[in-house]
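Chain and residue survey
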Amino acid sequence: MSHANILEPLEADQWFVDSLDLREFVATAKEIRSRTIDNPALTLSELEPYFKALLTKQDWLPENFAQPNPNSGLGGGIGQWLLYRAQDRSLTIFSLVIPPGSTTPVHDHLAWGLIGLYKGQLEETRYRRVDNGYTQENAVLELVEVQQQKRGDVYHLLPPDGDIHAVKAITIFAPSVSIHVMGNDIGSIFRNQYNPQQKTVRSFRSGYSNILDKK
């Protein structure tokens, strides 16, 4: 990485959605993570049933957090709306809103994560990095799989091999909305954006659509 990902702690947990369902899920996520902090794969497997239960409830996410964002840090009108952020930045939850036909860049996350589809349909293309040197100039990616996701589906992110993908909304008339639960402050850190055809990689920071962080 060309930038250091050293972030100061926040003054307190940050809540952008007032929802009992979300607060109960966060409490569960913190408890599970405290027991499984040395085993991220176990964190994901234990947390997944609670996450799926949250996805089945369609009344806790406000409509303003299910909208595209023309000034997106990811481009393509993609909204990345922060819903919750832990004081120590070890847990964030956000909604990712992709307009019909738009695709995220190929990118990584640098932390474990759960992604669940809340509305619409997505096509996820997964990659694995196969070059020997993790430089900021060149990167060789191998296509792993292409799969479609429907409402309620959940998939895991786990570095290093399960962390690179691009996601496309394959709905026609409405955006696709997915909920992300991440083991870092994903919008504030610098991470990697890839061009598989040109075999290049660059550092970027996506930010959040509803807050303005200092660069």
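Look above for the structure.
Now for a quick tour of the structure. (Residues numbered from 1 in each chain as written. Predicted model: local features only at pLDDT ≥ 70, side-chain atom pairs only at ≥ 80, totals over all residues. Heavy atoms only, no water.)

**Quick look at the overall build of the protein chain**
When helices and strands are counted, the protein chain shows 2 helices and 12 strands. The order of α-helices and β-strands along the protein chain, N terminus first, is β-α-α-β-β-β-β-β-β-β-β-β-β-β. Computed over C-alpha atoms, the radius of gyration of the protein chain comes to 16 Å, within 12% of the 17 Å expected from 2.2 N^0.38 for 215 residues, which places it in the range of a compact globule. With respect to the three principal axes, the spread of C-alpha positions in the protein chain is 45 × 40 × 35 Å. Residue burial in the protein chain is summarised as follows: out of 215 residues, 50% are buried. (Helix = DSSP H or I, 4+ residues; strand = E, 2+ residues; numbered from the N terminus. Rg over C-alpha atoms; globule rule 2.2 N^0.38 Å. Buried < 20%, exposed > 50% of the residue type's maximum accessible area, 1.4 Å probe, protein only.)

**Some details on the packing of aromatic side chains**
To describe a pair of aromatic rings, you give the distance between the ring centres and the angle between the ring planes. Taken as a whole, this structure holds 5 aromatic pairs when the rule is applied. The interplanar angle of 75° and the centroid separation of 6.1 Å between the aromatic rings of Phe 65 and Trp 81 together place this pair among those described as edge-to-face. Of the two residues, Phe 65 sits in the loop between α2 (40-56) and β2 (79-85) while Trp 81 sits in strand β2, which places them 16 residues apart along the sequence. Trp 81 matches Phe 65 in its accessibility class, with the two residues each being buried. Over the face of the ring belonging to Trp 15 we find Arg 23, whose NZ or CZ atom lies 4.1 Å from the ring centre. (Phe/Tyr/Trp six-rings, centres within 6.5 Å; stacked < 30°, edge-to-face > 60°. Lys NZ or Arg CZ within 6 Å of the ring centre and 35° of its normal.)

**Some details on the side chain of Thr 125**
Following the sequence through the fold, Thr 125 ends up in strand β6 (residues 122-129). Those residues in contact with Thr 125, other than ones at most four positions away along the chain, are Leu 143, Glu 145, Val 146, Ile 164, His 165 and Ala 166. (Contact = heavy atoms within 4.5 Å.)

**Quick notes on the nonpolar core**
If you look at the biggest cluster of nonpolar residues, it comprises 29 residues, and the most contacted ones within it are Phe 51, Leu 61, Leu 83, Ile 93, Ile 179 and Val 181. Elements that contribute at least two residues to this core include exactly α1 (20-36), α2, β2, β3 (92-98), β5 (113-119) and β10 (176-182). Among residues more than four places away in sequence, those in contact with Ile 93 are Leu 22, Phe 25, Val 26, Trp 81, Leu 82, Leu 83, Tyr 84, Ile 179, His 180 and Val 181. (Core = buried A, V, L, I, M, F, W, Y, C linked by side-chain atoms within 4.5 Å.)

**Side note on the sheet that holds strand β1 (residues 14-15)**
The 6 strands lie next to each other as β1-β2-β3-β10-β5-β8, forming an open sheet whose pairing is antiparallel. The open sheet has two edge strands with one neighbour each: β1 and β8 (154-157). By the bridge criterion, 4 bridges tie β5 to β8 in an arrangement that is antiparallel. From the neighbouring strand, Ile 115 faces β8, where its bridge partner is Tyr 155. (Pairing = 2+ DSSP bridges.)

**Notes on the packing of α1 against α2**
Two packed helices can be described by the angle between their axes and the distance between those axes. Between α1 and α2, the least distance of the axes is 9 Å, while the angle of their chain directions is 165°. Judged by the inter-axis angle, α1 sits roughly antiparallel to α2. The two elements α1 and α2 meet at a crossing, and its hand is right-handed. In this structure, α1 contributes Asp 21, Leu 22, Phe 25, Thr 28, Ala 29, Ile 32, Arg 35 and Thr 36 to the contact, and α2 contributes Pro 40, Leu 42, Thr 43, Glu 46, Leu 47, Tyr 50, Phe 51 and Leu 54. Its residues assigned to classes, the contact of α1 with α2 shows 10 nonpolar, 3 polar and 3 charged. (Axes fitted to C-alpha atoms, helices over the stretch in contact; angles between N-to-C directions. Parallel < 35°, antiparallel > 145°, perpendicular 65-115°, else oblique. Left-handed = near helix turned anticlockwise from the far one by under 90°. Nonpolar A, V, L, I, M, F, W, Y, C, P; charged D, E, K, R; others polar.)

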